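# Descriptive analysis of the structure
Here are the chains, one letter per residue:
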Amino acid sequence: MYYEQRKKQAVFAPDIYVVFGVANHKRDNYKVWEEGGLTPDFVLEITSATTQTKDQETKPEIYGALGVREYFH
């Protein structure tokens, strides 16, 4: 999921996410600016020993800044 246009590092890959209000069709990737600025309403991350720090420290900051309402890890 890309959340800032023209900024390749502004990307994250949640294990599961739900965005209400967007058309239901297959996408190779989700670009917030192409979806009317809609960001996920729900994100689920499956945490492992290798992703724990990122899933519990880094990603919550990004998701909070984007307005994600529900985040579970």
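These remarks concern the structure in this document. (Residues numbered from 1 in each chain as written. Predicted model: local features only at pLDDT ≥ 70, side-chain atom pairs only at ≥ 80, totals over all residues. Heavy atoms only, no water.)

All right, on to the overall build of the protein chain then. Across its full length, the protein chain holds one helix and three strands. Secondary structure elements of the protein chain occur, N-terminal to C-terminal, as β-β-α-β. Compactness check: the protein chain gives a C-alpha radius of gyration of 12 Å against a globular reference of 11 Å for 73 residues, within 12% of the reference. Its C-alpha atoms put the protein chain at 35 × 25 × 20 Å along the principal axes. Counting all 73 residues of the protein chain, 26% fall into the buried class. Within the protein chain, contacts between residues separated by at least 24 positions form 52% of all contacts whose residues are at least 6 apart in sequence. Split by element, the accessible area of the protein chain, about 5,200 Å² in all, is 49% carbon and sulfur. (Helix = DSSP H or I, 4+ residues; strand = E, 2+ residues; numbered from the N terminus. Rg over C-alpha atoms; globule rule 2.2 N^0.38 Å. Buried < 20%, exposed > 50% of the residue type's maximum accessible area, 1.4 Å probe, protein only. Contact = heavy atoms within 4.5 Å. Areas by Shrake-Rupley, 256 points an atom, 1.4 Å probe, with all protein chains shown as cover.)

A complete count under the given rule lists five aromatic pairs for this structure. An angle of 75° between the planes, with centres 4.9 Å apart, marks the rings of Phe-12 and Tyr-63 as edge-to-face. Of this pair, Phe-12 sits in the segment before strand E1 (16-18) while Tyr-63 sits in helix H1 (residues 52-66), and the two are 51 residues apart along the sequence. The exposure class assigned to Tyr-63 is buried, which follows from its relative accessible area of 1%. (Phe/Tyr/Trp six-rings, centres within 6.5 Å; stacked < 30°, edge-to-face > 60°.)

Let's shift gears to the sheet that holds E1. Ordered by their spatial adjacency, three strands build an open sheet running E1-E2-E3, and the pairing between neighbours is mixed. In this open sheet, the two strands that pair with only one neighbour each are E1 and strand E3 (70-72). The sheet shows a mean angle of 5° between the axes of neighbouring strands, taken without regard to direction. Strand direction decides the pairing type here: E1 and strand E2 (residues 42-44), joined by three bridges, are antiparallel. (Pairing = 2+ DSSP bridges. Axes fitted to C-alpha atoms, helices over the stretch in contact; angles between N-to-C directions.)

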